[in-house]
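Close look at the chain arrangement
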Amino acid sequence: MSKKKKIAIICWSDPYDRKGLTNAMLGRARLLINTEDYDVNCYMISEYEPWYVRLLRRTPKREKKKLMTLDGVNVHVLWFNYSIVDYISRIRLHGRGFFRERFTKNLHDHFKYYDFIIAHSLDAGKTALYAKKEWNIPYSITWHGSDINVAPWDNPSEGRVIREIIEKADVNYFVSKALMERSDKLTTRGVKKVLHNGCDSRFRKYDEARCEELRKKFCVKGKKVITFAGNLIDIKNPLLLPEIFKLVHREVPNATFWVIGDGKLRGQMEKASVDVPVQYWGNQPVEMMPDFLNCTDVVVLPSKNEGLPLILVEAMNCGCRAVGSNVGGIKEVIGEKNVLDYPADDFVEKFAEKVIELSKTNRPDTEFQLKDDFSWKNANAIETSDIKRIIE
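Described below are features of the structure shown in this document. For clarity, every value in this text was computed on a predicted model and none was experimentally measured. Residue numbering note: each chain is counted from 1, following its sequence as written. Residues qualify for local features only when their pLDDT is at least 70, as the model is predicted, and side-chain atom pairs are given and counted only at 80 or more; totals for whole chains, interfaces and linings, by contrast, use all residues. Side-chain numbers here rest on the full set of heavy atoms in the structure, without hydrogens or water.

A few words now on the overall build of the protein. Only runs of H or I of at least four residues qualify as helices and only runs of E of at least two qualify as strands under DSSP, and these elements are numbered from the N terminus. Scanning the protein from N- to C-terminus turns up 17 helices and 14 strands. A compact globule built from 392 residues should have a C-alpha radius of gyration of about 21 Å, and the protein, at 21 Å, falls within 12% of that. Projecting the C-alpha coordinates of the protein onto the three principal axes gives extents of approximately 65 × 45 × 40 Å. Only protein chains enter the accessibility calculation, which uses a 1.4 Å probe. A residue is then buried if its area is under 20% of the maximum for its type, exposed if over 50%, and partly exposed in between. Taken across its 392 residues, the protein has 54% of its residues classed as buried. Residues are treated as being in contact if the distance between any of their heavy atoms lies within 4.5 Å. A sequence separation of at least 24 residues applies to 68% of the contacts in the protein between residues at least 6 apart. Accessible surface is estimated by sampling points in the Shrake-Rupley manner with a 1.4 Å probe; for residues, cover comes only from the protein chains shown. Per element, the accessible surface of the protein, about 18,000 Å² overall, is 49% carbon and sulfur. Radius of gyration means the value over C-alpha atoms here, while the globule rule gives 2.2 Å times the residue count to the 0.38 power.

Another point: a negative patch on the surface. Patch membership is restricted to residues that have no salt bridge and whose relative accessible area is over 30%. Joining uses 9 Å for like charges and 5 Å for the nonpolar side chains Val, Leu, Ile, Met, Phe, Trp and Tyr. By definition here, a salt bridge exists when the distance from a side-chain nitrogen of Lys or Arg to a carboxyl oxygen of Asp or Glu is within 4 Å. His is not counted, nor are the chain ends, whereas Lys and Arg count as positive and Asp and Glu as negative. For this purpose, a charge sits on NZ of Lys, CZ of Arg, CG of Asp or CD of Glu. On the surface, a cluster of negative charge is made up of Glu 243, Asp 345, Asp 346, Glu 349 and Glu 353. Mapped onto the elements, Asp 345 comes out in the loop between strand S14 (339-340) and helix H16 (347-359). Relative accessible area serves as the criterion here: at 85%, Asp 345 is assigned to the exposed category.

Our next topic: the sheet that holds strand S8 (residues 192-194). Taking strand neighbours across the sheet as the criterion, the eight strands line up as S3-S4-S2-S1-S5-S6-S7-S8 in an open arrangement whose pairing is mixed. Bordering the open sheet on either side are strand S3 (67-70) and S8, each of which pairs with just one other strand. In this sheet, neighbouring strand axes are inclined to one another by 25 degrees on average, regardless of whether the strands run parallel or antiparallel. The pairing criterion is simple: DSSP has to find at least two bridges between the two strands. Of the pairings in the sheet, the one linking strand S1 (residues 6-12) to strand S2 (residues 39-48) comprises seven bridges and is parallel in character. Its bridge partner lying in S2, Lys 6 is registered against Asp 39. Think of each axis as a best-fit line through the C-alpha atoms, taken over the contacting stretch in the case of a helix, with angles from 0 to 180 degrees between the N-to-C directions.

Once that is clear, we can look at the environment of Val 355. Relative to the elements of secondary structure, Val 355 occurs in helix H16. Under the relative-accessibility criterion, Val 355 is labelled buried at 0%. C-alpha of Val 355 to C-alpha of Gly 335: the two residues are 20 residues apart in sequence and 15 Å apart in space. Once residues lying within four places of it in the same chain are set aside, the contact partners of Val 355 are Ile 226, Val 248, Val 298, Val 300 and Val 323.

Once that is clear, we can look at empty space enclosed by the protein. Here a cavity denotes grid points, spaced 1 Å and computed from the protein atoms alone, that fit a 1.4 Å probe unable to get out, and a pocket denotes an open set having protein on both sides within 12 Å along at least 5 of 7 lines; residues with an atom within 4 Å of a point are the lining. Grid points are joined across faces, edges and corners, and a volume is the space filled by probe spheres set on the points. Using the criterion set out here, one finds one cavity of 30 Å³ or more in the structure. Asn 23, Arg 30, Asp 71, Asp 200 and Trp 376 are the residues nearest the centre of the largest cavity, which is lined by 14 residues in total. With four residues, helix H1 (residues 20-35) is the largest single contributor of residues to the lining of the largest cavity.

All right, on to the packing of H1 against helix H17 (residues 376-391) then. Packed helices, taken two at a time, are described by their axes: the angle between them and the distance between them. At a minimum axis separation of 10 Å, H1 and H17 run at an interaxial angle of 65 degrees. Along this stretch, H1 crosses H17, giving a crossing that reads as right-handed. Within the contact between the two elements, H1 uses Asn 23, Ala 24, Gly 27, Arg 28, Leu 31, Leu 32 and Thr 35 and H17 uses Trp 376, Lys 377, Ala 379, Asn 380, Glu 383, Thr 384 and Ile 387. The residue inventory of the contact of H1 with H17, partitioned by class, reads six nonpolar, five polar and three charged. Left-handed describes a crossing whose near helix is turned anticlockwise from the far helix through less than a right angle; right-handed describes the clockwise counterpart. When residues are grouped by polarity, Ala, Val, Leu, Ile, Met, Phe, Trp, Tyr, Cys and Pro land in nonpolar, Asp, Glu, Lys and Arg in charged, and all others, Gly among them, in polar.

Turning next to the pattern of salt bridges. Throughout the structure, instances matching the rule amount to 29 salt bridges. A salt bridge links Glu 164 to Lys 133, with the nearest nitrogen and oxygen atoms 2.8 Å apart. Of this pair, Glu 164 sits in helix H8 (residues 156-168) while Lys 133 sits in helix H5 (residues 122-135), and the two are 31 residues apart along the sequence. The class for Glu 164 is partly exposed, based on a relative accessible area of 24%. With its nearest N and O atoms 3.6 Å apart, the salt bridge here joins Lys 168 to Glu 164. Within this pair, Lys 168 and its partner Glu 164 are both found in helix H8, separated by four residues, close to a single helical turn. What you see here is one network of salt bridges that share partners, running through Arg 18, Arg 30, Asp 71, Asp 200, Arg 202 and Glu 287.

Glancing now at the side chain of Asn 41. Here Asn 41 shows up in strand S2. For Asn 41, a relative accessible area of 17% gives the class buried. Setting aside residues no more than four positions away along its own chain, Asn 41 makes contact with Lys 6, Ile 7, Ala 8, Ile 9, His 76 and Tyr 114.

Another aspect to go through is the nonpolar core. In terms of nonpolar packing, the biggest core is built from 95 residues, with Ile 117, Trp 143, Phe 245, Val 248, Leu 293, Val 300 and Leu 312 touching the most fellow members. When residues in this core are grouped by element, the largest group, seven residues, is from H16. Dropping the residues within four chain positions of it, Phe 245 is found in contact with Ile 226, Phe 257, Val 259, Val 276, Val 278 and Val 300. Nonpolar core, defined: a set of buried Ala, Val, Leu, Ile, Met, Phe, Trp, Tyr and Cys residues in which side-chain atoms within 4.5 Å join the residues together. Core analysis: the second largest hydrophobic core is formed by 22 residues, Ala 29, Leu 32, Tyr 38 and Leu 70 among them.

We now examine helix H14 (residues 310-317). When you tally the buried positions in H14, you get eight out of eight residues, the bulk of the element. For H14, every residue scored as buried is listed here: Leu 310, Ile 311, Leu 312, Val 313, Glu 314, Ala 315, Met 316 and Asn 317. Buried-residue contacts for H14 involve H1, strand S9 (224-229), helix H13 (289-294), strand S12 (298-301), strand S13 (321-325) and helix H15 (330-334). The first or second residue beyond H14 is Gly 319, which carries a positive phi of 90 degrees.

Omega for the peptide link from Tyr 342 to Pro 343 comes to -5 degrees, which places this bond in the cis form. By the secondary structure assignment, Pro 343 is in the loop between S14 and H16. Located in the positive-phi region is Cys 219, a residue other than glycine, with phi close to 60 degrees. On the basis of relative accessibility, which here comes to 61%, the residue Cys 219 falls in the exposed class. We note that Asn 237 has phi near 60 degrees; this positive angle belongs to a residue other than glycine.

In structure tokens:
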């Protein structure tokens, strides 16, 4: 009997604060494990901060678990000890971080005996690149957004590494057509494909009785709920939300606004939104998000840049309408009618007008049908076909 092929799935993320990249990795990993006869191991590389770095970054202490089960997937957690040198280099000087770079490179030894590596985003891609150079291990990489939209343009040396990762990958996946086209500005070489994010089955439209129950629980019965969900960081453009909320509330007095997520801009947002009914929920577990979205009328995402935001796929599956900026793959999910060009002088006003328009109509009675492209089943079919072509 032939030995099973060994596959490693790698991403850099925080197992205690799961966002779109992590959920995308888990969604694809779960199907690969359950449908194919490979020996698949998932690895998450995460930063462990000493107390003085936590004080500077205002982050909570993490328990250094080596194995965690996330959404039914066993994940090996490899901890990088985040030093004050890396904090200054990456956060203050916008550099690459000496110790982090060395740790990323040295990780390739960990994957010496694998037949294939599936990397998610830049840092995991670096490890996969080193493993290919050293051990000739083939790899795929999925690009999720900022690693193509921002990193190579902010840091030319990082751009050179990204170009090499793309060109040496056995296959590159981009979560949106727009992101793949953006990558062509770096290099047109390499095998490139669009592979949209899918959506977990728990994100679905509830029946009316369950929705009413949740609206009572969250104290929003009879109100129009406008929701933003994401990191409160500059690229998501959250500082525009208070003004958008004010304009919407002026025309839709029974509107209430939810901000789900956290980040360094939260304090500024709270100060700017004291005159409107905004609930700041902070970070919420992914298990709670279907409940929030089933109470939401309109999801808003005025981002400066995106890959393909998973929150929009999840929101549409839960019966929400959505308004977003015309960047990245947002239009690919919600269509042309509900996106607005950014930047533009009248962006805030036009954005608010579109939210007002959508909030004055009822939620759809039937579940919105996204294209088959936006499913883990479709993503799995593409991924497994490529793996078999490369290693079998």
